Amino acid sequence: MKLLLSLAYVLGLSTSFLWAAEFRAGAHAEPITPEKFPIPVNGNMKGGFANSVHDPLHARCFALHDGQHELIFCVVDSCMISRETCERAKELASKETGVPTSHLLISATHTHSAATMVPVFQSDPDPAYLAELPGRIAQGIVKAHRNLEPAEVAWGKGSDPSQLFNRRWLMKDDQQYSNPFGGMNDRVRMNPGYQNPQVSRPSGPTDPEITIITARAKSDQRPLALLANYSLHYVGGNPAISADYFAAYADQITQLLKANDQRYQGKPSFVGIMSNGTSGDVNNVNFAGPPPMGRKPGEQLQVVARSVAEATLKAYEKLTFRSHLTLASAETDVRLKVRKANPEELATAKRLIETTPRDKDGQFSGMPAVYARETVLLNDFPDEVPVKLQVHRIGDLSIATIPCEVFTAIGLELKQKSPFAGHCTISLANGYNGYMPTAEQHQLGGYETWRARSSYLEVDASEKSVKQLLSLLHSIK
């Protein structure tokens, strides 16, 4: 030991590392299902309300500690989550655990059947539910931290191309349609319908890779948690409150790993987690083929969950677990401009709002009025906003986070250029700043580019964000 202490002194290492280098992991799933109904639900142009619960919502947390640094993932069953909610939850959790907020990652799954957490289109959060969320999320993080125990860790990659389809289709040269602003120049149509003769082919790629991070207890080899990352927007189909395929995947992988075995009773429960990759332009609908027949509500998300979980298991069985992997984290804000209407466009939007009748529920049905309302609301935004970018390292795997609905091409670029052996990007993380298309996709137009609170960052946002993320990744290499 004297020799080790002398070596640590020569190399400038903390001697505490020699005493506490054992890798540890812990996990916890904290319930966040709303308790009072009706509750606002977003995900459509009109705000809706849920009156019951189909399946519960959770903040699924996974803590890793390498003896010097701790990293905690928290994936929340929500469509999107605001920066304010994330930062308040991190503040509370950091105070309780001592883990720096830069080492805490909070992201949304993007289920379209969760309670509204961010005002978007015509849906606003319930103030009481929103007020209690940071505390509940923080409790999940704290409990995962408390569940830390000696562990072995592994990461790897699987693949499932069968469930991914780019939803943005190129219009044929002789075809066009009107966008909500009255323009006719969009060359891409989102979700064009099955076998639509007006479109030719998808405008972008998909990414079939499933990145897996997992840990098992050193004492009895029981699975502690598995975090997956897959670039699929969501599936949908369940009525009422539902965590979508993200929760169904967690259930499926728990069963496949036999992680709920009776031998493990009395110990912390295994937590399966699915995070959203770069899926801003990808969903589960094959518009090249005919519409599926005979599917019951919620059935398709189970099909997807089972397919992705089985692909995960194949990769899991090939993993090499290690007693130690180095952890590191870094974050920064990049300031990006906000796309706003010019004075003439703003005046037109205000006139349209004044002259368009509302439905009985007080909302607009027509897209022009909906986007006119967004134009007016977006005018109150600052001219530029801080966008939180975060990176993490688990051995030779890198993880980037972006608080947007990120296009798949951006995730593929980061995978190609990361200085690490493996890489994945978690979208909708640490806040919400709308869609992030590439500059090329902005030129093609389509829903994801239309100016609104769901898509307002400058056209060059992806280029500036990728440049900053790569700089951060090199800093923790």
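In case you missed it, the structure is sitting above this.
Just so it is clear, the model here is predicted, and its values are computed rather than measured.

### Some thoughts on the pairing of strand β17 (residues 384–394)
Item 1. The element β17 is extensively covered by neighbouring structure, given that eight of its eleven residues are classed as buried.
Item 2. Alignment of strand β16 (residues 327–337) against β17, held across eleven bridges, turns out to be antiparallel. Within β17, the residue paired with T332 across the bridge is L389.
Item 3. Relative to strand β18 (residues 397–401), β17 is paired through five bridges, and the arrangement is antiparallel. Each residue of the ladder has a partner; that of R393, found in β18, is S398.

### A few points about the sheet that holds strand β6 (residues 104–108)
Item 1. Strand order in the open sheet formed by eight strands is β6-β5-β4-β1-β7-β12-β13-β14, with mixed pairing between adjacent strands. Two strands lie at the open edges of the sheet, namely β6 and β14 (271–276), each paired on one side alone. Between one strand axis and the next, the sheet turns by 25° as a mean value, whatever way the strands run.
Item 2. Bridge count for strand β4 (residues 58–65) against strand β5 (residues 70–76) is seven bridges, and the pairing is antiparallel. If you follow A63 over to β5, its bridge partner there is I72.
Item 3. Strand contacts of helix α6 (residues 299–316): β7 (149–159), β12 (209–217), β13 (223–230) and β14, with the helix running at about 60° to β12, the strand carrying the most contacts.

### With respect to the sheet that holds strand β10 (residues 188–190)
Item 1. One open sheet holds the three strands; their spatial order is β10-β9-β11, and the pairing between them is antiparallel. At either margin of the open sheet sits one strand with a lone partner, and together these are β10 and β11 (199–202). Neighbour-to-neighbour, the strand axes of the sheet open up by a mean angle of 40°, direction not taken into account.
Item 2. Where strand β9 (residues 168–171) and β10 come together, three bridges link them in antiparallel fashion. Each residue of the ladder has a partner; that of L170, found in β10, is V188.

### Things to note about unusual backbone geometry
Item 1. Here the amide bond leading from F37 into P38 is cis, since omega sits at 0°, within 30 degrees of zero.
Item 2. By the secondary structure assignment, P38 is in the loop between β1 (24–31) and β2 (39–41).
Item 3. Although it is not a glycine, A240 adopts a positive phi angle of roughly 60°.
Item 4. Structurally, the position occupied by A240 is in the loop between β13 and α5 (244–256).
Item 5. A residue is classified by how much of its surface remains accessible, and A240, at 26% relative accessible area, is partly exposed.
Item 6. Look at K258: it is not a glycine, yet its phi comes out positive at around 55°.
Item 7. Structurally, K258 is set in the loop between α5 and β14.
Item 8. Owing to a relative accessible area of 56%, K258 belongs among the exposed residues under this scheme.

### Some points on the environment of F23
Item 1. Mapped onto the secondary structure, F23 falls in the loop between α2 (15–19) and β1.
Item 2. Overall, F23 belongs to the buried group, its relative accessible area being 0%.
Item 3. Residues F23 and Y435 lie 412 residues apart in sequence; the distance between their C-alpha atoms is 37 Å.
Item 4. Those residues in contact with F23, other than ones at most four positions away along the chain, are L64, H65, D66, E149, P150, A151, V153, S323, H324, L325 and L327.

### Observations regarding the environment of K337
Item 1. Its location among the elements puts K337 in strand β16.
Item 2. On a C-alpha basis, the gap between K337 and P202 in space is 29 Å, while along the polypeptide they are 135 residues apart.
Item 3. Those residues in contact with K337 that lie beyond four places of it in its chain are D383, E384, Y456, L457 and E458.

### Points about α5
Item 1. Given a rise of 1.5 Å per residue, 13 residues ought to cover 18 Å, and the 19 Å separating the end C-alpha atoms of α5 matches this to within 8%.
Item 2. Counting buried residues in α5 gives ten out of 13 residues, a clear majority hidden from the surface.
Item 3. Among the residues of α5, those classed as buried are D244, Y245, F246, A247, A248, Y249, A250, Q252, I253 and T254.
Item 4. Lining the buried residues of α5 we find β4, β13, β14 and α6.

Scoring rules and cut-offs
- Residues numbered from 1 in each chain as written.
- Predicted model: local features only at pLDDT ≥ 70, side-chain atom pairs only at ≥ 80, totals over all residues.
- Heavy atoms only, no water.
- Buried < 20%, exposed > 50% of the residue type's maximum accessible area, 1.4 Å probe, protein only.
- Helix = DSSP H or I, 4+ residues; strand = E, 2+ residues; numbered from the N terminus.
- Pairing = 2+ DSSP bridges.
- Axes fitted to C-alpha atoms, helices over the stretch in contact; angles between N-to-C directions.
- Contact = heavy atoms within 4.5 Å.
- Expected span 1.5 Å × (residues − 1).

By themselves, these observations are geometric and do not establish any function.
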